Amino acid sequence: MSLLSMTTSKIYFDTSLVKHGTVKDRDISVYCFKSGVVIGQNGFSFRKDTVVSHRNNIHQVSEDKLNTMDIELRDCMLKDELINLIYSFYKCQYIDDKHKPVLENVLDELCRSEM
């Protein structure tokens with residue numbers, strides 16, 4: 001099983017709060033990728049400030065289903081960035097408890113690996 005989440009460049013909270021990393025505003029919780037900040041091993045960065053919402057934005061998908069999706073891999077996320085992103089989901093109060101073990105396993109593997 002894999003966990004899938006989608007990004008958006010539509011900022012739907014007070015833009016003065018935008019910073020790289022976890023942003024919380026009232027009942028909104030997102031992980032923000034600031035434009036121009038390199039997050040990929042080959043230099044990928046978003047052209048616009050881009051967020052991943054923590055609320056209702058994790059979907060459990062089988063490997064078979066994932067393989068049928070038309071996904072273009074542009075880069076692989078830097079290890080520290082990936083750990084920070086996954087940990088932000090793990091710590092968020094809006095994440096369904098059923099996803100916690102998967103997130104824990106991924107974090108454990110990442111922290112033990114030499115990426």
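Below is a short write-up of the structure. Since the structure is predicted, the reported quantities are computational estimates derived from the model, not experimental observations. (Residues numbered from 1 in each chain as written. Predicted model: local features only at pLDDT ≥ 70, side-chain atom pairs only at ≥ 80, totals over all residues. Heavy atoms only, no water.)

**Quick notes on the overall build of the protein**
The number of helices and strands found in the protein is three helices and five strands. Sequence-ordered secondary structure for the protein, helices as α and strands as β, is β-β-β-β-β-α-α-α. By principal-axis analysis of the C-alpha atoms, the protein measures approximately 40 × 35 × 30 Å. With 115 residues in all, the protein has 34% of them scored as buried. Within the protein, contacts between residues separated by at least 24 positions form 60% of all contacts whose residues are at least 6 apart in sequence. A total of about 7,700 Å² of accessible surface is found on the protein, and carbon and sulfur atoms cover 48% of it. For the protein, the distance from the average position of its 15 positive side-chain charges to the average position of its 17 negative side-chain charges is 7 Å. (Helix = DSSP H or I, 4+ residues; strand = E, 2+ residues; numbered from the N terminus. Buried < 20%, exposed > 50% of the residue type's maximum accessible area, 1.4 Å probe, protein only. Contact = heavy atoms within 4.5 Å. Areas by Shrake-Rupley, 256 points an atom, 1.4 Å probe, with all protein chains shown as cover. Lys, Arg positive; Asp, Glu negative; His and termini not counted. Charge placed at Lys NZ, Arg CZ, Asp CG, Glu CD.)

**Concerning the nonpolar core**
If you look at the biggest cluster of nonpolar residues, it comprises 15 residues, and the most contacted ones within it are F33, I58, L85, I86, F89, I95 and L103. Sequence-distant contacts of I95, that is, excluding residues within four places in its chain, are made with H54, I58, F89, K100 and L103. By size, the runner-up hydrophobic cluster in this structure holds seven residues, among which are V23, I28, C32 and V51. (Core = buried A, V, L, I, M, F, W, Y, C linked by side-chain atoms within 4.5 Å.)

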